[in-house]
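# A structural walkthrough
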Amino acid sequence: MSLKIIGTGKGIPEKRVTNHDLAGFLDTNDEWIVSRTGIKSRNVCSHETLTDLAAAAALQALDKSGLRPEDIDLIICSTIGGDYRTPSLACCVSNSIGASCPAFDVNAACTGFIYALEIASGFLADEKTDNILIVCAEMMSKHMDWTDRNTCVLFGDGAAACTVTKGNALKYIDLSASADVSLLQVPSGTGNSPFVDEKKEYGFLNMQGQEVFKFAVNVVESGVKQALDKLNVSAEQIDLFLLHQANKRIVDSVRRALGQPEEKFPLNIAHYGNLSSASIPLLLFEMLEEDKIKPGDTLFMSAFGAGLTAGSCVMVWE
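Residues numbered from 1 in each chain as written. Predicted model: local features only at pLDDT ≥ 70, side-chain atom pairs only at ≥ 80, totals over all residues. Heavy atoms only, no water.

### Describing the overall build of the protein
Which entries qualify depends on this criterion: Put simply, DSSP H or I for four residues or longer makes a helix, DSSP E for two residues or longer makes a strand, and each gets a number counted from the N terminus. Both definitions apply: the radius of gyration is a C-alpha atom measure, and the globule rule equals 2.2 Å times residues to the power 0.38. To sort residues, take the accessible area from a 1.4 Å probe on protein chains only and compare it with the maximum for the residue type: under 20% means buried, over 50% means exposed, and anything in between is partly exposed.
Assigned secondary structure in the protein consists of nine helices and 13 strands. Here the protein has a C-alpha radius of gyration of 19 Å; the compact-globule value for 318 residues is 20 Å, and the two agree. By its C-alpha atoms, the protein is 50 × 45 × 35 Å across when sized along the principal axes. Burial status across the protein gives 55% buried among its 318 residues.

Below is the structure:
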């Protein structure tokens, strides 16, 4: 596994929607949302495209790494859906930033960043690839039923990116999928094909919240144990746990199970909500901006999402 992250960036839409804003048209309130999720506000696209957010994050990551678009050998975008069914979001980003390299999307839902790291690691083992741009970008607002208070309050829109190159930071990575597609999904429509027996409109996200919550806690806790056992280290030797920002109660549950202090489990869910695959790289970006990650720090990252997918990795920051 030859990989290290050398630059990060973010792209966030301008419009900020608070819980009080949602209470204006939903049967909900700030206390109800915060007590169950830890979310106070989220940013939602009003005029921006997903390509706009993704390209902004990509350019910032390039700038911080000292690379130019022409230095990139591959672009991997994690998203559950770009601005078009085709071309891919990765191709749209490439066009927007002026790159000229292979580009493709990966859809592992909220686990997409971990999946992208695994893919990048494989490509970097090839002598033809030196620099890879990973962009995680999600416009969850277009997949929400904004009359359903159980789901639309949870998610936000945004993008985060990182540039990766050859290095020794990645010490462990593991991916999985339980193939339980019923608990979290966004149904697709059938279009206007005259050969389909039953016409279906494009659907909204639906989620069996309690079951997903149980899965999340179990898969993150088991992921931590597996990683620690594999590396022969203890939870005390992990400096930071960067967990998918889906629900503060999930993070708190994992932290209590490990017996670790709150400061090792940073949170930004209060301000962004669940950004799907952009969640962890955005948290990583903010921690670096605040100078809270130092060379030599050991980071555990873990995510879970529709599929149900899951992924964990351990990095020693270079």
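Next, the rest of the story.
### Some words on the packing of helix H3 (residues 50-65) against helix H4 (residues 89-97)
What counts, and what does not: Axis definition: a line fitted to C-alpha atoms, limited for helices to the stretch in contact. Angles are taken between N-to-C directions and run from 0 to 180 degrees. Any angle from 65 to 115 degrees is called roughly perpendicular, while one under 35 is roughly parallel, one over 145 is roughly antiparallel, and all others are oblique. The crossing is said to be left-handed when, going from far helix to near helix, the turn is anticlockwise and less than a right angle, and right-handed when the turn is clockwise. What makes two residues a contact is simply this: any of their non-hydrogen atoms within 4.5 Å. Lys, Arg, Asp and Glu make up the charged group, whereas Ala, Val, Leu, Ile, Met, Phe, Trp, Tyr, Cys and Pro make up the nonpolar group; the residues left over, Gly among them, are polar.
Interaxial distance between H3 and H4 falls to 9 Å at its minimum, and their mutual angle equals 60°. By the angle between their directions, the pair H3 and H4 is classed as oblique. Helix-helix and strand crossings are classified by hand; for H3 and H4 the assignment is right-handed. Across the interface between the two elements, Leu50, Thr51, Ala54, Ala55, Ala58, Leu59 and Leu62 of H3 pack against Leu89, Cys92, Val93, Ser96 and Ile97 of H4. The residue inventory of the contact of H3 with H4, partitioned by class, reads ten nonpolar, two polar and no charged.

### Details of the sheet that holds strand S8 (residues 170-177)
Definition in use: Here, a strand pair is defined by DSSP locating no fewer than two bridges between the strands.
Strand order in the open sheet formed by four strands is S8-S13-S12-S11, and the pairing between neighbours is mixed. Each edge of the sheet is formed by a strand with only one pairing partner; in this case those strands are S8 and strand S11 (240-243). On average, each strand axis in the sheet is tilted by 10° relative to the strand beside it, whichever way the strands run. Pairing of S11 with strand S12 (residues 298-305), which is carried by four bridges, proceeds in the parallel orientation. The residue bridging Leu240 from the neighbouring strand is Leu299, located in S12. Strands S11 and S12 of the sheet are contacted by helix H9 (residues 279-289), whose axis makes an angle of about 140° with S11.

### What to know about the layout of surface pockets
Quick reminder of the rule: Buriedness of a pocket was judged along seven lines, with at least five required to meet protein on both sides within 12 Å; pockets are open sets of points on a 1 Å grid over the protein atoms alone, cavities are sets where a 1.4 Å probe fits but cannot get out, and lining residues have an atom within 4 Å of a point. Grid points are joined across faces, edges and corners, and a volume is the space filled by probe spheres set on the points. These domain limits were set by an automatic method or by a database of domain assignments.
Volume-wise, the largest pocket comes out at about 1000 Å³. Lining the largest pocket are 47 residues, with Met140, Phe155, Leu184, Leu205 and Met207 sitting closest to its centre. At the level of secondary structure, the elements contributing two or more residues to the lining of the largest pocket comprise helix H2 (30-37), strand S9 (184-185), helix H6 (209-231), helix H7 (248-258) and S12. Among the elements that take part in the lining of the largest pocket, H6 stands out by supplying four residues, more than any other. For the lining of the largest pocket, a count of residues per class yields 23 nonpolar, 17 polar and seven charged. There are two domains that each give the lining of the largest pocket at least three residues, and those are domain 1 (3-167) and domain 2 (172-316).

### Regarding the side chain of Asp157
Here is the rule we go by: Asp and Glu count as negative and Lys and Arg as positive, but His and the ends of the chain are not part of the count. A pairing counts as a salt bridge when a side-chain nitrogen of Lys or Arg comes within 4 Å of a carboxyl oxygen of Asp or Glu. Nitrogen and oxygen atoms within 3.5 Å of one another constitute a polar contact, given that in protein one can donate a hydrogen and the other can accept it, and given that sequence-neighbouring residues count only through two side-chain atoms.
Tracing the sequence through the fold places Asp157 in strand S7 (residues 157-165). We note that Asp157 is buried and unpaired, the nearest opposite charge coming from Lys142 at a distance of 8.9 Å. Within polar-contact distance, the side chain of Asp157 engages the backbone nitrogen of Cys45 at 2.8 Å. A polar atom in the side chain of Asp157 sits 2.8 Å from the backbone nitrogen of Met140. Setting aside chain neighbours within four positions, we find Asp157 in contact with Ile12, Pro13, Asn43, Val44, Cys45, Glu138, Met139, Met140, Ser141 and Leu275.

### Quick notes on the domain arrangement of the protein
We apply this condition: Summed over both partners, the accessible area (1.4 Å probe) lost when two parts come together is defined as the buried area.
Entries for the protein in the domain assignment read domain 1 (3-167) and domain 2 (172-316). Each of domain 1 and domain 2 has a C-alpha centre, and the two are 14 Å apart. Domain 1 puts 46 residues into the contact, and the matching count from domain 2 is 43 residues. Between domain 1 and domain 2 the total buried area reaches about 3600 Å² when both faces are included, carbon and sulfur atoms providing 66% of it. Along the contact surface separating domain 1 from domain 2 lie one salt bridge. In this structure, Glu289 and Lys64 form a salt bridge, with 2.9 Å as the shortest nitrogen-oxygen distance. The tally of links from domain 1 across to domain 2 stands at 18 residue pairs in polar contact (both at pLDDT 80 or more). Only strand S1 (4-11), H2, strand S3 (41-43), H3, helix H5 (112-124), strand S6 (131-139) and S7 provide two or more residues apiece to the side of domain 1 that touches domain 2. When residues of the side of domain 1 that touches domain 2 are assigned to their parent elements, the largest contribution, six residues, is made by H5.

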